[in-house]
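Below are the chains, spelled out letter by letter.
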Amino acid sequence: MRGMRRARDTPGARAASGARAASGARAASEGGANAKKHRPWRRLRLPRLSALRLPRSRRGRRLAVQGLMALCVLALLPATWMRLGADARVGTTADAPAREVAMVFGAGLWKGRPTPYLAHRLDAAAELYRSGKVKVVLVTGDNSRVEYDEPDAMRTYLTERGVPDDRIVSDYAGFDSWDSCVRAKKIFGVDRAVLVSQGFHIHRATTLCRSAGIDAYGVAVDEPRDATWYYGGTRELAASGKAALDALFRPDPRFLGPQEAGVTEALASATP
């Protein structure tokens, strides 16, 4: 079980972290050298705001307004498509069907501990486990830097709330929602899962995991309508555009790596 629990110690996970660290160091080095050689932005002249005026004619103003409205509609189309497409598959922990696996997406750390939003996702996953609706929890998040480890922080939080350590599987290369969904399917062999996230994100996550081949149901965690919630909702407009392209073209994640037996072994230990 120790090999399963500490997936980041596998060659594939070490390769992921090593490759990202090396590429980051190279980018920083090359970027510093290139910046000294030439700074093209110093020659770039941006138009003054005073030079931007609405058309003087009534017809020109009407066309400008129509163009702006068309851009707004195009920006909203991906988010609308995902919400409508996944709405029937999103509910609460009480509504969630029985699945073997719950999947929790990372949402940031604060001083090494889950942020409040991530903690609420983990609370919902722990509730699903205690109610018997899921047998294993797959925590997927970012561990691209040694000092930043979302999956381990998520594991610790869950064990503190009664989820056994051998029922938690860590994905250390869940760098975004699409990567998490593809890796859950191709690396961990997840075919059906209950996804856990906030309401502004769960429709996108559900759509992406379904596009990756997972029979997914989303649990939307309630949150107060505070500044963070509105920021997340606004961010979804931009993220939905990328998500639509991911669902359409289905690219490989940043790091795929070899298959891992963590979920299979955890389910086997959960069988009486």
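Scroll up a little and you will see the structure.
In this text, all values refer to a predicted model and were calculated from it rather than measured experimentally.

Draft legend 1. Expanded view of the nonpolar core. Membership of the largest hydrophobic core comes to 28 residues, with the highest contact counts inside it found for Val190, Leu195 and Cys209. Mapped onto this core, the elements with two or more residues apiece are β2 (101–105), β5 (136–140), α6 (177–186), β7 (192–198), α7 (199–211), α8 (227–249) and α9 (262–270). Contact partners of Leu195, with chain neighbours within four places excluded, come to Met103, Phe105, Ile202, Ala205, Thr206, Cys209, Ala216, Tyr217, Gly218 and Val219. Ala119, Leu122, Val137 and Met154 belong to the second largest nonpolar core, which has 27 residues in total.

Draft legend 2. Fine view of the environment of His120. Looking at the secondary structure, you find His120 in helix α4 (residues 116–130). Once the C-alpha coordinates of His120 and Gln198 are considered, the two residues, 78 residues apart in sequence, prove to be 8.5 Å apart. His120 has contacts with Gln198, Val221 and Glu223, leaving out every residue within four places of it along the chain.

Draft legend 3. Representation of the packing of aromatic side chains in the model. This structure, assessed with the given rule, holds one aromatic pair. The cationic tip of Arg161 hangs over the ring face of Tyr157; the distance from NZ or CZ to the ring centre is 3.5 Å.

About the cut-offs
- Residues numbered from 1 in each chain as written.
- Predicted model: local features only at pLDDT ≥ 70, side-chain atom pairs only at ≥ 80, totals over all residues.
- Heavy atoms only, no water.
- Core = buried A, V, L, I, M, F, W, Y, C linked by side-chain atoms within 4.5 Å.
- Buried < 20%, exposed > 50% of the residue type's maximum accessible area, 1.4 Å probe, protein only.
- Helix = DSSP H or I, 4+ residues; strand = E, 2+ residues; numbered from the N terminus.
- Contact = heavy atoms within 4.5 Å.
- Phe/Tyr/Trp six-rings, centres within 6.5 Å; stacked < 30°, edge-to-face > 60°.
- Lys NZ or Arg CZ within 6 Å of the ring centre and 35° of its normal.

Take it as geometry only, folks, not as evidence of what the structure does.
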